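The lines below spell out each chain.
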Amino acid sequence: MTTALIDTSERLRDVLNRLSSMSVEDYYNPYQVFDWPDSLPQEMWWMSPELTTTHGTEIAAELSQEQLYRLSKYESVNFYSLNVHGIRELLIEVTRRIHTDEFATPSEFFHHFIGEENEHMWFFAQFCLRYGGKIYKQPRGGAETIPPSKAASLLVFARILIFEELVDHFNSRMALDERLDDTIRKINRIHHQDESRHIAFGRELVRILFEGFREQATPEELSQVSDYLGRYMTYSFESLFSPQVYRDAGIPNPFEVRRRLLTGPRRPEFEAQVFRKTHSFLTRYGLIQAPMAAPESAR
Amino acid sequence: MRQQTTAPIDQIKGWILAKHENRTDVAADEDLIDNRLVDSLSFVEFVFLIQELSGVEIDMDTLDIGDVRTLAAIQKRFLAG
Ligand SMILES: [Fe+2]
Ligand SMILES: [Fe+2]
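Conventions used here
Residues numbered from 1 in each chain as written. Chains lettered and ligands numbered in written order. Predicted model: local features only at pLDDT ≥ 70, side-chain atom pairs only at ≥ 80, totals over all residues. Heavy atoms only, no water. Donors = N, O, S within 2.8 Å, 3.2 Å for Na, K, Ca; no water. Helix = DSSP H or I, 4+ residues; strand = E, 2+ residues; numbered from the N terminus. Buried < 20%, exposed > 50% of the residue type's maximum accessible area, 1.4 Å probe, protein only. Arc of directions from axis to C-beta. Contact = heavy atoms within 4.5 Å. 1 Å grid on protein atoms, 1.4 Å probe; cavity = no way out; pocket = protein on both sides within 12 Å on 5 of 7 lines; lining within 4 Å. Points joined across faces, edges and corners; volume = space filled by probe spheres on them. Tetrahedral: all angles 85-135°; square planar, octahedral: opposite > 155°, others 65-115°.

Enquirer: Explain the coordination of the iron ion (ligand 2) to me, please; I cannot follow it from the model alone.
Expert: For a metal bound by four donors in a tetrahedral arrangement, the ideal donor-metal-donor angle is 109.5 degrees, while six donors in an octahedral arrangement ideally sit at 90 or 180 degrees. Residue and element names in this part refer to chain A. Protein coordination of the iron ion (ligand 2) is provided by E117 (OE), E164 (OE), E195 (OE), E195 (OE) and H198 (ND1), with donor distances spanning 1.8 to 2.3 Å. Considered as a linear motif, the donors of the iron ion (ligand 2) on their single chain read E-x46-E-x30-E-x2-H. In this structure, the iron ion (ligand 2) lies 3.3 Å from the iron ion (ligand 1), and both are coordinated by E117. Taken as a pair, E117 in helix 6 (residues 107-132) and E164 in helix 7 (residues 152-174) lie far apart in primary sequence, 47 residues in all.

Enquirer: Which parts of the structure should I look at to understand helix 12 (residues 267-274) of chain A?
Expert: Because each turn of an α-helix spans 3.6 residues, side chains separated by three or four positions end up pointing in the same direction. Residues and elements named next belong to chain A. For helix 12, the set of buried residues is R267, F270, E271 and V274. In a view along the axis of helix 12, the buried residues occupy a sector of 95 degrees, so they form one face of it. The elements touched by buried residues of helix 12 are helix 7, helix 9 (219-238), helix 11 (254-263) and helix 13 (276-284).

Enquirer: What is the right way to look at empty space enclosed by the protein in this model?
Expert: It is a probe the size of a water molecule, rolled over the atoms, that shows where empty space is left. Tallied over the entire structure, the rule returns four cavities of 30 Å³ or more. In this structure, the largest cavity encloses a volume near 50 Å³. If you trace the largest cavity, you find it lined by Y235, E238, S239 and R258 of chain A together with L41, V44 and E45 of chain B. Of all the elements in the fold, those that place two or more residues in the lining of the largest cavity are helix 9 of chain A together with helix 2 (43-54) of chain B.

Enquirer: What am I meant to see in the coordination of the iron ion (ligand 1) here?
Expert: Residue and element names in this part refer to chain A. For the iron ion (ligand 1), every protein donor is listed as E117 (OE), H120 (ND1), H191 (NE2) and E195 (OE), and the spread of their distances is 2.2 to 2.4 Å. For the iron ion (ligand 1), the four donor atoms in the first shell make angles of 86 to 154 degrees at the metal, so the coordination geometry reads as irregular. In primary-sequence terms, the residues that donate to the iron ion (ligand 1) follow E-x2-H-x70-H-x3-E. Residue classification places H191 among the buried positions, given a relative accessible area of 2%.

Take it as geometry only, folks, not as evidence of what the structure does.
Given below as C-alpha cells:
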C-alpha cells in the first residue's frame, strides 16, 4: 500500500535521483576537513546568544559577560550531544529499513544518508570530547509511545524530520555568525549543507507515508498521530534546556532555572522560531491538526 | 507551584496524576512504565523531578530502571532517610 505509493511516486524518484547525485558531488572527507585546534577561545560566544536558552530572560540578566560566554559553551556542547544521541536513534531506524521491500526505492539514498550521519556523529562527538571534555547523557526510558502500529514508519521519518529541522535552525544561523570561532562556524556550515538534502528527502517521504496512512486511518488514529508529533516536538525543544548545562556554567538551582525558563515568557516565542517551518509543513499536510502542544513541563 | 508542605513522593504522584486526568490515585507498587504512566516522552521530566526532589544525581548509564518503576521503589532508593 504505502510501498506502492513510494514506488510509483515520480516526484519522489526525481528527488531521490537529484539528492543522491548531490551527495556524490558534495562528498568530502570529514576526517580531513577539520583542523581541530587544541583549544578554542573561552572569552567569546560558542553559540549565537539568541539561540541560547536564557537569551532575553531574567536569568541571563543576572549573569556577567564571562558567565554568559561560559554558558554558551556548555549549551553548545549540549546541542552537539543531542545530535550524537539523535543520530544514534535515527541510524538504528534507517538501518532497520534499508533494502527491505517497503523501502527498496529510497535504499540507494539511504546509503548516503547513513554514511553522512555516521560522519556527522563523529564530528559532533569530536567537538564535545575535545572542547567540552564529555558528551552529555540523555535520560532515556519509559513506556514506548508509538500509536498506532501501522504508523510506525511514518512516525520514525516524521521524528527524524522534526529533529533535523530543529538542528538546522541552529546550524544555518551559527554557520553565518561572525561572532563565533571558525571551527564552530565550519562544523555548523558543513552539517547544514548535508542536512538540506536530508530535509528535502524527509519532507517528500513523510508526505507520501502520511498519504498512505491517511487513506486507511480512522479520525481517532489521525488525532493520535497529531498528538504524538506535537508532544515529540515539545520534547525535542525542551531537551535543549539541560540542568547539567546550567550547573556546569555555575548557575545555582539548575532544576529550578530550567523550570523557570520553560514556563517563562520567552519560551513560546523561542519555540515558535525554532519550529516555524516544521510546524507549517506538518499542519499544511494535516499531520498536525492543532496549534503547538502544551509544554511537557506543564502537562 | 510546589508547596513546602507536600512530601516529595506526593509531589511525584501529583506530577503523574496531572498528566493522566482519568486517574485519581497511583498505588505505591503500581508499575509506572508498564502501566504507561511514564512514557518515553515524559521520562526526562520524570528523572529531573526525582533528582531535584531527592538531591541525588542520577547517572543514566548506571541507573537501575527498577529503582524508578514504582513510587515505593523511588521512595526507598531516592527519598528515604
Ligand atoms: Fe546529520
Ligand atoms: Fe541528517
